[in-house]
Amino acid sequence: MKLLVADTEFQAELTWKETEFQLLEAVNAMEDTQILLDDYEPLIEEHLNATRSNSAYQNCYLQYDYVNANFEQELTIKLQSCRAMLTKSLAALQNESNIELNFIRVAAMEARNVLNVCNVAELRVRESNSDLAGITMCVISRIGALDQRLSAASENFLDLLVIENAAELEGNSCEEFGELRQIFDSVYDDISECVTESDN
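Residues numbered from 1 in each chain as written. Predicted model: local features only at pLDDT ≥ 70, side-chain atom pairs only at ≥ 80, totals over all residues. Heavy atoms only, no water.

1. Some remarks on the overall build of the protein
- A count of helices and strands for the protein gives seven helices and zero strands.
- N-terminal to C-terminal, the α/β element order of the protein is α-α-α-α-α-α-α.
- Counting the 200 residues in the protein, one finds 33% classified as buried.
- Restricting the contact set of the protein to residue pairs at least 6 apart, pairs at least 24 apart contribute 85%. (Helix = DSSP H or I, 4+ residues; strand = E, 2+ residues; numbered from the N terminus. Buried < 20%, exposed > 50% of the residue type's maximum accessible area, 1.4 Å probe, protein only. Contact = heavy atoms within 4.5 Å.)

What follows is the structure, given as C-alpha cells:
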C-alpha cells in the first residue's frame, strides 16, 4: 500500500513540476512580448515626432504620405490590442483561484494524506480480513480518484494554455502589430535615407 501511495505522490510531484515549467514558459513569453511593446511604443512616438518636426524630414515624409495616411493610428491600435490580449491571457494563466493549478500543486500532499485517511498504519495491528480489505479498498479507491482528478486537472490546464495561445493567434493583434511594425520601421528607414540623400 505504501508503495502505491509513494508512486502516486511521485507522479503528482512530477506532474506539478512539468505544469509549473509550462506555466512559466508561457508567462515568460507573454511578459517578454509585453516588454517589447513597452520599449517600442516610445520609439513610435520618437520616429513620428522626428518626421513631423524636422523640416528636412517633412519633405521626405510627404513622399511617403500615401503609406502613412492611416498607418500610424492603425499601428498604435494594434499595439494596444496586442497589449490588452496579453494582459488578459496572463491574468487567465496566473489566476491564483485556478482550480486545476491549485489541485496539481497540492496533489502530492493529497496522496500522502491517503495513508492517514485510510489508516494504513493499522494494517499491522488488524488481523481480520475484512479490516484489511476495507483499508486496501480505501487506499485503492482514493488513489484511483486522485489519479483521475490529477489527469483531468492536467488536461484542463493544457487546454487553458492552448486556448490562451489560440486567443493570441485568433485575434492576430500581436501578429498584425508585428507586420505593421516591420512596415513602419522600413518606411522610417526609407525617410531617413531620403533625408541623408537630400543633405548631400
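Right, picking up where we left off after that structure.
2. A word on the confidence of the model for the protein
- Taken as a whole, the protein shows an average pLDDT of 82; of its residues, 86% reach a score of 70 or greater.
- Mean pLDDT across the secondary structure elements of the protein bottoms out at helix 3 (residues 65–68), with 56, and peaks at helix 5 (residues 99–117), with 89. (pLDDT = per-residue confidence, 0-100.)

3. Quick word on the nonpolar core
- Counting residues in hydrophobic clusters, the biggest one holds 34 residues, and the most contacted among them are Ile-44, Leu-86, Leu-93, Phe-157 and Phe-184.
- Listed by contribution, the elements that provide at least two residues to this core are helix 1 (2–53), helix 4 (71–94), helix 5, helix 6 (129–171) and helix 7 (173–199).
- Tallying contributions element by element places helix 1 first for this core, with ten residues. (Core = buried A, V, L, I, M, F, W, Y, C linked by side-chain atoms within 4.5 Å.)

4. Describing the pattern of salt bridges
- Under the criterion given, the structure shown has six salt bridges.
- Note that Arg-112 and Glu-13 form a salt bridge whose closest N and O atoms lie 3.9 Å from each other. Note that Arg-112 is positioned in helix 5 and Glu-13 in helix 1, a separation of 99 residues in sequence.
- A relative accessible area of 37% places Arg-112 in the partly exposed class.
- The shortest N-O distance in the salt bridge between Arg-83 and Glu-41 comes to 3.2 Å. Remark: Glu-41 occurs in helix 1 and Arg-83 occurs in helix 4; sequence separation between them is 42 residues.
- The exposure class assigned to Arg-83 is partly exposed, which follows from its relative accessible area of 22%.
- What emerges from the salt-bridge pattern is a single network uniting Glu-9, Glu-13 and Arg-112. (Salt bridge = Lys/Arg side-chain N within 4 Å of Asp/Glu carboxyl O.)

5. Considerations on the state of the cysteines
- Scanning all chains against the criterion turns up two disulfides.
- Across the disulfide, Cys-82 is cross-linked to Cys-174 (sulfur-sulfur distance 1.8 Å). For the disulfide bridge between Cys-82 and Cys-174, the dihedral angle about the S-S bond is near 95°, and by the sign convention the bridge is right-handed. On the criterion of sequence distance, the pair formed by Cys-82 in helix 4 and Cys-174 in helix 7 is long-range, its members being 92 residues apart.
- The class of Cys-82 is buried, set by a relative accessible area of 1%.
- Assessed through its relative accessible area of 15%, Cys-174 is described here as buried.
- A disulfide bridge connects Cys-118 with Cys-138, and the sulfur atoms are separated by 1.9 Å. Because the sign of the S-S torsion sets the handedness, a value of about -75° for the bond joining Cys-118 and Cys-138 places this disulfide among the left-handed ones. Of this pair, Cys-118 sits in the loop between helix 5 and helix 6 while Cys-138 is found in helix 6, placing the two residues 20 residues apart along the sequence. (Disulfide = S-S within 2.5 Å.)

6. A word on the environment of Cys-194
- Assignment of secondary structure puts Cys-194 in helix 7.
- Residue classification places Cys-194 among the buried positions, given a relative accessible area of 14%.

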